[in-house]
Amino acid sequence: MCNLYSLTKGQAAIREIVGAMTDRIGNLPSLPAIFPDQSAPVVRQGEEGRELVMMRWGMPSPKFALKNRKTDPGVTNVRNLGSSHWRRWLGPEHRCLVPFTSFSEYRVEKDKSRTPVWFAQNEDRPLTFFAGIWTEWTSVRKVKEGEVTADLYGFLTTEANETVGAVHPKAMPVILTEPDEWETWLTAPFDEAKALQRPLPEGALEIVAEGERRDGEGG
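Residues numbered from 1 in each chain as written. Predicted model: local features only at pLDDT ≥ 70, side-chain atom pairs only at ≥ 80, totals over all residues. Heavy atoms only, no water.

A. View of the overall build of the chain. Along the backbone of the chain there are five helices and 14 strands. Since a compact globule built from 219 residues should have a radius of gyration of about 17 Å, the 17 Å found for the chain is in line with a globular shape. Viewed in the frame of its principal axes, the chain has a C-alpha envelope of about 45 × 40 × 35 Å. The buried share of the chain, reckoned over its 219 residues, is 52%. Contacts in the chain between residues far apart in sequence, at least 24 positions, make up 69% of those at least 6 positions apart. For the chain, the exposed surface amounts to about 10,600 Å²; the carbon and sulfur share of it is 48%. One way to put it: in the chain the 27 positive side-chain charges average out to a point 9 Å from where the 31 negative ones average out. (Helix = DSSP H or I, 4+ residues; strand = E, 2+ residues; numbered from the N terminus. Rg over C-alpha atoms; globule rule 2.2 N^0.38 Å. Buried < 20%, exposed > 50% of the residue type's maximum accessible area, 1.4 Å probe, protein only. Contact = heavy atoms within 4.5 Å. Areas by Shrake-Rupley, 256 points an atom, 1.4 Å probe, with all protein chains shown as cover. Lys, Arg positive; Asp, Glu negative; His and termini not counted. Charge placed at Lys NZ, Arg CZ, Asp CG, Glu CD.)

Written out as structure tokens, the structure reads:
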């Protein structure tokens, strides 16, 4: 599971690359380490066109996962789109693009320790996007916080390509690199958009860093 990623390109770059007409996030700092339940930028289709907003990372958990729990920390990665829990959020009105510059998976070492390994398109860490879904939801994320209503997001995963699979064999995020893919994900019927849930071709990603839980601070 991808539970750590970075975004070190500013909001002007995000707006320019996806044509976001409305920016609702204020002053965005560099985010070299984004963890579950933190707030991060998301691009969604609003009434007046694409808009850039902040959301909390972690979609609502299925009911079975909440048995005997007082909180719902959220689900960061979504794989089984046939599940009735996720189907309600697969229409264009609930799809979003999650900007990132690199993402991390943990490599399990022989001594059972875990080393963060960072992946990006190349050493320059160009801005690109995960295929995401979002919803407004009321729940208790943390006991001390109590019940809150918030916009929540997660992103899709799929089978790993060779590069990611050498570190994390089970899965990799669904990554959209081209403008036509962004348009399809944000606007097309799901029968068309679902074809985007596939791994990137081999050679489209490379390892850009290892060992730290932050990446690309100079981006």
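B. Up close: the sheet that holds strand β1 (residues 5-7). Spatially, β3-β1-β8-β9-β14 is the arrangement adopted by the five strands of the open sheet, whose pairing is antiparallel. The outermost strands of the open sheet, each flanked by one partner alone, are β3 (31-34) and β14 (206-210). Averaged over all pairs of adjacent strands, the angle between strand axes in this sheet comes to 30°, irrespective of strand direction. In this structure, strand β8 (residues 102-108) lies alongside strand β9 (residues 114-120), joined through six bridges in antiparallel fashion. Residue pairing across strands places Phe103 opposite Phe119, the latter belonging to β9. (Pairing = 2+ DSSP bridges. Axes fitted to C-alpha atoms, helices over the stretch in contact; angles between N-to-C directions.)

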